[in-house]
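The residues making up each chain are set out below.
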2 protein chains.
Amino acid sequence: MIPFGAGFSLEGNFSQPYSGICIDFTLMDKILAFHPDDMDVVVQPGIIWADLNTQIESSGLFAPMDPSVAATVGGMVSTNCSGPYAFRYGTMKDWVLNLTVVLADGRVIKTRRRPRKTSAGYNLTSLFVGAEGTLGIVTEVTLKLAPIPEDSSVAVVPFVSIAEAANAATALIRSGIPIAAMGITDEVQMKILNLYGSAGVRKRRWEEKPTLFLRFAGTTQGIQSDISKVKEVVRPFNVPFVLPKSKAEEKAFWAASKEALFSMVKIRPEGMEMWSTDVAVPISRLAEIIEWSKRECGNRKLKIFATVLGQVGDGNFHLAMFYNPRNQKQKEAVEKFVKEMMDMALEMGGTVSGQHGIGIGKKDYLRDELGPETIGLMRELKRTVDPKWIMNPGKVFD
Amino acid sequence: MIPFGAGFSLEGNFSQPYSGICIDFTLMDKILAFHPDDMDVVVQPGIIWADLNTQIESSGLFAPMDPSVAATVGGMVSTNCSGPYAFRYGTMKDWVLNLTVVLADGRVIKTRRRPRKTSAGYNLTSLFVGAEGTLGIVTEVTLKLAPIPEDSSVAVVPFVSIAEAANAATALIRSGIPIAAMGITDEVQMKILNLYGSAGVRKRRWEEKPTLFLRFAGTTQGIQSDISKVKEVVRPFNVPFVLPKSKAEEKAFWAASKEALFSMVKIRPEGMEMWSTDVAVPISRLAEIIEWSKRECGNRKLKIFATVLGQVGDGNFHLAMFYNPRNQKQKEAVEKFVKEMMDMALEMGGTVSGQHGIGIGKKDYLRDELGPETIGLMRELKRTVDPKWIMNPGKVFD
Ligand SMILES: Cc1cc2nc3c(=O)[nH]c(=O)nc-3n(C[C@H](O)[C@H](O)[C@H](O)COP(=O)(O)OP(=O)(O)OC[C@H]3O[C@@H](n4cnc5c(N)ncnc54)[C@H](O)[C@@H]3O)c2cc1C
Ligand SMILES: Cc1cc2nc3c(=O)[nH]c(=O)nc-3n(C[C@H](O)[C@H](O)[C@H](O)COP(=O)(O)OP(=O)(O)OC[C@H]3O[C@@H](n4cnc5c(N)ncnc54)[C@H](O)[C@@H]3O)c2cc1C
């Protein structure tokens, strides 16, 4: 069994004691082949994406998926992760050219060769991407790479309410302006940055308001043009539009956005657990569900510390909450609340997991989301590929 | 059985007499639900993409996949098609949010709901996309839409040789400039445009040289910036760089590029068949295989009329050849030549089908491409979903 868990409990991905065998991919962290002229790279699953990008930086290429700083390519493949850049670059499935996978019966398959485009046979690559290790062990990954943009910038835009911020995000998505990344954080999260951000981030006093972080990437001239278009779209919201005055400040702006979830992890009080929800909805419903979540979280007197954050470009956001797992009443209240949020997301045509996966904690909700027929087909596929159900048993479904 | 074939014989997709039942999707051509605020649309499989785009045009949104003008969304899904815009927008799999599929045993499944991003369960959508109807009948498709860019332009760049044109294409891909589409056509194809292009296209005399057609899309200012960057990249090739002087001329430039394969279809002499190859290779090998193909086609004295064309942005190109199917020697020579081209593409790490699919004609090559283990797994999946093998029997594999 392969519970190579993150060591960090995201909703649905709680680690769990397993019997059987665990595989530690830490040492499988090598670049096996780098083809800069083809703009791809073959890596082992244990490599951390940030290390990969550092190692290939001088080529002018990069792997654009950027989830948590500690994420490995194998984990990223297996959760179909995304990150701030998903708005421009899509999700992990769009960057995997092929996988080498060890199946339950010991067969080793390579899903395909290295062309950037193919219509040859079933898309096995996408079947293993996001399968959370339940269909086989990924031992090699060929990643498509993108050219590092010539220039970048970041705008910070504070709003009077989270609904306004979310509405502006929706307007920006609809505008078609090629923004590279779009993050939302609420006023609580901004306060945390003021108090607990890294040194560079704390140099500045952030307005403690719901904020959009917009990242631009492209040519210097193109970015200027994108920024002026964005200003037009947000003008009706009558908000400040803060641009960095230097490259150092730009870096700090972006770090602030990237640190959001991580700073929550950092300040988690002894004995408390963090629960990060992960729903995604069709974009026209985003403001509504974010506002509802924040309001409910307050109204219920859950008495829990919670912040909203996430990459809203695709209708996905997180509500990160601290709760005491030994306070049964609080735990149940949080569970009930999260269940309602997922029901609402589903009712809106959304999903219970935009990026973290189903893991162990969300199996029931996956059933609600997809219905018995679709889950039935997934189970049949699982049974075909792993008849003895030995690969990450207990994850995704039973 | 469901041989709802294209009526047009692309390599690998030859239609074939079937017993059993045929489904004609012509009347299933409706838009079922349009959600402009979510930027998606639910359609029946028989709708032609160009009709769909006309119907929703006033919303400022469009479906970016643009293969042949007669292609239906169901066919596009089932071949994981692409088109000129693939360079910017990816392939069909990137634009399908969910599918409703009737399985062989009559079960109807919906692969997922409508969020733009999800990590919930196996990616069934991508399993059916590109399955060429062998896993089930697609009866409804939810497509993600993109905002219609504010402005566009087209540059026409003639080169002294096809190798130079392909090398320039590779340099442009590597540059990261957000070109929207990139087509290559050889001197033969340009001659055909001069002789047989549509009225608008024939207004201009095209240089009969290997040519790159570059399409730009974005903001007016952004496009100017992209064009000047592109000029820098192609400067070392010392070539003219022709830009349209009016919107009408821009339209004619683009029509010329889009008409390429179609004009071959139009001029096909009575009794001759057209064979269009479809390999894709890692981009650094593109110039080599295109040049080899053209040279071999001449050297062998195949005595066939052939042109090179295609959307090279992802390393994919077509050699379109006329041959006489009743001339056994010619037919065999063409078959042998195509086999060698596919072997070369595979040896380069490429694929035998970049966009048209495997169909009936390329089953053997798919085996060569993927090897027995991988094909074995595909067959097991097929057997799980369609145990009686009644869905498009004889396609993809036996
Ligand atoms: C601060 C923070 C920020 C984050 N931000 C984001 C974000 O922006 N976007 C996002 O998508 N996620 C984010 N995450 C979640 C997490 O980073 C991603 O889901 C990531 O993709 C998981 O990688 P990992 O190496 O931690 O995988 P793990 O948690 O170790 O594994 C994930 C799953 O994949 C399986 N697995 C791992 N390796 C293999 C393999 N080689 N073969 C088969 N199965 C395998 C595991 O068994 C497990 O089921 C964040 C997490 C944190 C803590
Ligand atoms: C002039 C010309 C230019 C072209 N340019 C391109 C191009 O740029 N890019 C590109 O990718 N292709 C191109 N093609 C090929 C073709 O347009 C595409 O492959 C297209 O996606 C096929 O659509 P269709 O409606 O013709 O499908 P069909 O040929 O009718 O069907 C294709 C396959 O899908 C199956 N199928 C169809 N409908 C369903 C359904 N509802 N459920 C299940 N299975 C189904 C069929 O059985 C068949 O196996 C071109 C063709 C021509 C003639």
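The shown structure was predicted, so the numbers you read here are calculated from the model rather than taken from an experiment.

A word on the relation of the copies chain B and chain A. The operation linking the two copies of the chain is a rotation about an axis combined with a translation along the axis. With an axial shift of 0.0 Å and an RMSD of 0.0 Å, the rotation relating chain B to chain A amounts to 180 degrees. Each copy turns onto its partner about a two-fold axis. Measuring from the rotation axis to each C-alpha of chain B, the shortest distance belongs to B:Gly222, at 2.4 Å. Looking at the interface residues of chain B, 100% of them are also at the interface in chain A, so both copies use one shared face.

The subject of this paragraph is the side chain of B:Lys382. Take B:Lys382: it is sitting in helix 12 (residues 363-385). Contact partners of B:Lys382, with chain neighbours within four places excluded, come to A:Tyr122, B:Thr134, B:Leu135, B:Pro387, B:Trp389, B:Met391 and B:Phe397.

Here we come to the interface of chain B and chain A. How big an interface is tends to be expressed through the accessible area that disappears when the partners come together. Each side of the interface is counted separately: chain B has 87 residues, and chain A has 87 residues. In total, about 6900 Å² of surface goes out of reach between chain B and chain A, with carbon and sulfur atoms giving 56% of it. Of all residues in chain B, the largest losses of buried area upon contact with chain A belong to B:Arg113, B:Lys117 and B:Tyr122, amounting jointly to 14% of the total for that side. In this assembly, chain B and chain A are joined by four salt bridges. When the shortest N-O distance is used, the salt bridge between B:Glu150 and A:Lys229 registers 2.6 Å. Inspection of the region where chain B meets chain A yields 43 residue pairs in polar contact (both at pLDDT 80 or more). Listing elements by their share of the side of chain B that touches chain A, those giving two or more residues are strand 5 (108-110), helix 4 (124-128), helix 5 (162-175), helix 8 (220-234), helix 11 (328-347) and helix 12 of chain B. In terms of residue count, helix 12 of chain B provides more of the side of chain B that touches chain A than any other element does, 14 residues in total.

For the rest of this paragraph, the subject is the nonpolar core. Of all hydrophobic cores here, the largest spans 230 residues; its most connected members are A:Leu212, A:Met321, B:Leu212, B:Leu214 and B:Met321. Beyond its immediate stretch of four places on either side in the chain, B:Met321 contacts B:Glu273, B:Met274, B:Trp275, B:Thr277, B:Cys297, B:Ile304, B:Phe305, B:Ala306, B:Val334, B:Phe337 and B:Val338.

Take the packing of helix 12 (residues 363-385) of chain A against helix 12 of chain B next. The N-to-C vectors of helix 12 of chain A and helix 12 of chain B enclose an angle of 140 degrees; their axes lie 10 Å apart at closest approach. In terms of orientation, helix 12 of chain A and helix 12 of chain B fall into the oblique class. Two packed elements cross with a definite hand, and for helix 12 of chain A against helix 12 of chain B that hand is right-handed. Across the interface between the two elements, A:Leu377, A:Glu380, A:Leu381, A:Thr384 and A:Val385 of helix 12 of chain A pack against B:Leu377, B:Glu380, B:Leu381, B:Thr384 and B:Val385 of helix 12 of chain B.

Glancing now at the packing of aromatic side chains. Within this structure, the stated rule accounts for 24 aromatic pairs over all chains. With 5.4 Å between their ring centres and 85 degrees between their planes, A:Tyr85 and A:Tyr89 make a pair best called edge-to-face. Here A:Tyr85 and A:Tyr89 have matching classes, each one buried. With centroids separated by 5.4 Å and ring planes inclined at 75 degrees, the aromatic side chains of A:Phe397 and B:Tyr122 adopt a geometry described as edge-to-face.

Once that is clear, we can look at the domain arrangement of chain A. Residue and element names in this part refer to chain A. Along its sequence, chain A is organised into domain 1 (2-147), domain 2 (151-262) and domain 3 (268-347). Residue-level contacts link 19 residues of domain 2 with 17 residues of domain 3. Here domain 2 meets domain 3 over a buried area of about 1500 Å², counting both sides, of which 74% is carbon and sulfur. In terms of surface lost to domain 3, no three residues of domain 2 exceed Ile173, Ile184 and Leu261, which account for 33% of the buried area on that side. Connecting domain 2 to domain 3 are two salt bridges. Lys294 serves as the salt-bridge partner of Glu187, at 3.2 Å between the closest nitrogen and oxygen. At the surface where domain 2 touches domain 3, the tally comes to six residue pairs in polar contact (both at pLDDT 80 or more). Of all the secondary structure elements, the ones that give two or more residues to the side of domain 2 that touches domain 3 are helix 5 (162-175), strand 9 (181-185), helix 6 (187-196) and helix 9 (247-267). With seven residues, helix 5 is the single largest residue contributor to the side of domain 2 that touches domain 3. Of the residues that constitute the side of domain 2 that touches domain 3, the class distribution is twelve nonpolar, five polar and two charged.

What counts, and where the lines are drawn
- Residues numbered from 1 in each chain as written.
- Chains lettered and ligands numbered in written order.
- Predicted model: local features only at pLDDT ≥ 70, side-chain atom pairs only at ≥ 80, totals over all residues.
- Heavy atoms only, no water.
- Least-squares fit on C-alpha atoms with pLDDT ≥ 70 in both.
- Contact = heavy atoms within 4.5 Å.
- Helix = DSSP H or I, 4+ residues; strand = E, 2+ residues; numbered from the N terminus.
- Buried area = accessible area lost by both parts, 1.4 Å probe.
- Salt bridge = Lys/Arg side-chain N within 4 Å of Asp/Glu carboxyl O.
- Polar contact = N/O pair within 3.5 Å; in protein donor to acceptor, adjacent residues only side chain to side chain.
- Core = buried A, V, L, I, M, F, W, Y, C linked by side-chain atoms within 4.5 Å.
- Buried < 20%, exposed > 50% of the residue type's maximum accessible area, 1.4 Å probe, protein only.
- Axes fitted to C-alpha atoms, helices over the stretch in contact; angles between N-to-C directions.
- Parallel < 35°, antiparallel > 145°, perpendicular 65-115°, else oblique.
- Left-handed = near helix turned anticlockwise from the far one by under 90°.
- Phe/Tyr/Trp six-rings, centres within 6.5 Å; stacked < 30°, edge-to-face > 60°.
- Domains from an automatic or database assignment.
- Nonpolar A, V, L, I, M, F, W, Y, C, P; charged D, E, K, R; others polar.

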